[in-house]
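# Analysis of the macromolecular model
Residues per chain, in single letters:
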Amino acid sequence: MASRPVPVRTILATIGLLLATYVVLELVVHARRVLIWTVIALFLAVSLHPAVEVLQRRAPRCRRSVATLLVFLAAAVAVGAVITLFVIPLAQEGSRFADRLPAMIKDVRAGRGPVGNLLERMHALQYAQRHQAQIRAFATGLSTPALKFVRSAASTATGALTIFVLAYLMVLEGPKAIDRSLALVDEAPAARIRRVGAACARTVNGYLTGNLLISFICGVLTYVMLLVSGVPFAGLLAVFVALTDLIPLVGATIGAVVASAVAFVHSLPAGIAAIVFFIVYQQAENHLLQPVIMSRTVKLNPLTVLLAVLIAAEVAGILGALMAIPVTGIIQVVLGDIWAHRDGRPLRLPMRADNSPENADRSGDSQ
């Protein structure tokens, strides 16, 4: 039996689909920086949107554009204050560390330290002395973020301004665009999309704000502990611990190991105190801070979190690791809704965080 020839239309459609896929992939590769900016702006917009809604409810006569601008200006001032508060002491303490590094190596080599003998047996001190100039230059480079910022000021300013403008427009025009899009579908699917979207936004907002607050608490408590123990460069270590605490699962352990090691170099009691502090704090964070601060986020089991973080970190580095959990939470909400509708029992997701249907009805009238 002779095979039927493939229609020309099918061949052309296949070729067109392959070409379109190639073009899309090329656009993603070449526009990856813009796409990353867009994703960051989307998360920023989701985080600041509730503040705009609250301001509009408190001041009904305030136009949405003005409310959005005020919220974004307040956020910019807060970010500037945090940068001023941490970067300047970070640079100063980094410079002090670079200056004191040779003396610290000399003291440890002479046995004036709890890890002196250990480092001597590992031949780490000989390596450090042979490469003292490189280590000093590396430490100085770490301690001068202002110089690096000046060198890349144009790129950084462009990215920050683009993210700011994109997030502002998303908050300002997003609700209108969503309403216009949902007006094209029936009422029941539109209500379902709104509920799922509200749950996803609540997941992202809860994770971002909760994670930042927990990291801030971790940094402050670490700074107090190191300052009381007399460990040098307490501010530098506290900022490092706070930043690593943002990374899911492994971040807190990385910060604890580094801070404890520096504390042991200072003195044996300080090192023991640091280990005890981090063990107690991580237990309190896992069993107290996480449930209380992030109680409104979508719960994920540890295996899902680990796989999501590893895959996202492999694909997008640290940024991917930071966004892995909220993105996975969004996927879980969407899949849960699809699964529930297949079983004929749609999820009753609240429109707003306070679970009140009155606020759900009011959410579309904020324009």
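For the structure itself, consult the block above.
In what follows, the accompanying structure is described.

## Overview of the packing of aromatic side chains
Per the stated rule, a full pass over the model turns up 4 aromatic pairs. Centre to centre, the rings of phenylalanine 277 and tyrosine 281 are 6.0 Å apart; their planes meet at 15°, and the pair counts as stacked. Linking phenylalanine 277 with tyrosine 281, this pair stays in helix 12 (residues 268-293), spanning 4 residues, or about one helical turn. Of the two residues, phenylalanine 277 and tyrosine 281, both sit in the buried class. These aromatic residues form a ring-pair network of at least three members: Phe72, Phe164 and Tyr168.

## What to know about the side chain of serine 260
Here serine 260 is to be found in helix 11 (residues 251-266). Of the residues examined, serine 260 reaches a relative accessible area of 8% and is grouped as buried. Setting aside residues up to four positions removed in sequence, serine 260 forms contacts with Gly271, Ala274, Ile275 and Phe278.

## A closer look at a nonpolar patch on the surface
Taken together, the side chains of Leu213, Phe216, Val220, Tyr223, Val224, Leu227 and Val228 present a nonpolar region at the surface, about 650 Å² in accessible area. By the secondary structure assignment, valine 220 is in helix 9 (residues 187-229). We classify valine 220 as partly exposed; its relative accessible area is 37%.

## Quick word on the environment of glycine 230
Mapped onto the elements, glycine 230 comes out in the loop between helix 9 and helix 10 (234-245). Sequence-wise, glycine 230 and alanine 270 are 40 residues apart; in three dimensions their C-alpha atoms are separated by 7.7 Å.

## Here we look at the packing of helix 2 (residues 32-58) against helix 9
Remark: helix 2 packs on helix 9, axes separated minimally by 9 Å, with the N-to-C direction vectors making an angle of 90°. As summarised for this structure, helix 2 and helix 9 are arranged roughly perpendicular, according to the angle between their axes. Of the residues in helix 9, those touching helix 2 at Phe43, Val46, Ser47 and Pro50 are Ala201, Val204, Asn205 and Leu208. Taken together, the residues of the contact of helix 2 with helix 9 break down into 6 nonpolar, 2 polar and no charged.

## Focus on helix 11
Between its first and last C-alpha atoms helix 11 spans 23 Å; for 16 residues at 1.5 Å apiece the expected length is 22 Å, and the two agree. What helix 11 keeps buried is the set Gly251, Ala252, Gly255, Ala256, Ala259, Ser260 and Ala263. Viewed end-on, helix 11 has its buried residues packed into an arc of 145°, placing them on one side of the element.

## Focus on the side chain of threonine 244
In this structure, threonine 244 sits in helix 10. Threonine 244 sits in the buried class, given a relative accessible area of 9%. Beyond its immediate chain neighbours, meaning those up to four positions away, threonine 244 contacts Gly251, Ala252, Ile254 and Gly255.

## Quick look at the packing of helix 9 against helix 10
Geometry of a packed helix pair, given as the angle between the helix axes and the separation of the axes. At a minimum axis distance of 8 Å, the contact between helix 9 and helix 10 shows a crossing angle of 155°. With respect to helix 10, the element helix 9 is oriented roughly antiparallel. The handedness of the crossing between helix 9 and helix 10 is right-handed. For the pair formed by helix 9 and helix 10, the contact residues are Asn211, Ile214, Ser215, Cys218, Gly219, Thr222, Tyr223, Leu226 and Leu227 on the first element and Ala234, Gly235, Leu237, Ala238, Val241, Ala242 and Asp245 on the second. Per-class residue counts for the contact of helix 9 with helix 10 are 10 nonpolar, 5 polar and 1 charged.

The rules behind these values
Residues numbered from 1 in each chain as written. Predicted model: local features only at pLDDT ≥ 70, side-chain atom pairs only at ≥ 80, totals over all residues. Heavy atoms only, no water. Phe/Tyr/Trp six-rings, centres within 6.5 Å; stacked < 30°, edge-to-face > 60°. Helix = DSSP H or I, 4+ residues; strand = E, 2+ residues; numbered from the N terminus. Buried < 20%, exposed > 50% of the residue type's maximum accessible area, 1.4 Å probe, protein only. Contact = heavy atoms within 4.5 Å. Patch = residues over 30% accessible without salt bridge, like charges linked within 9 Å, V, L, I, M, F, W, Y side chains within 5 Å. Areas by Shrake-Rupley, 256 points an atom, 1.4 Å probe, with all protein chains shown as cover. Salt bridge = Lys/Arg side-chain N within 4 Å of Asp/Glu carboxyl O. Axes fitted to C-alpha atoms, helices over the stretch in contact; angles between N-to-C directions. Parallel < 35°, antiparallel > 145°, perpendicular 65-115°, else oblique. Nonpolar A, V, L, I, M, F, W, Y, C, P; charged D, E, K, R; others polar. Expected span 1.5 Å × (residues − 1). Arc of directions from axis to C-beta. Left-handed = near helix turned anticlockwise from the far one by under 90°.

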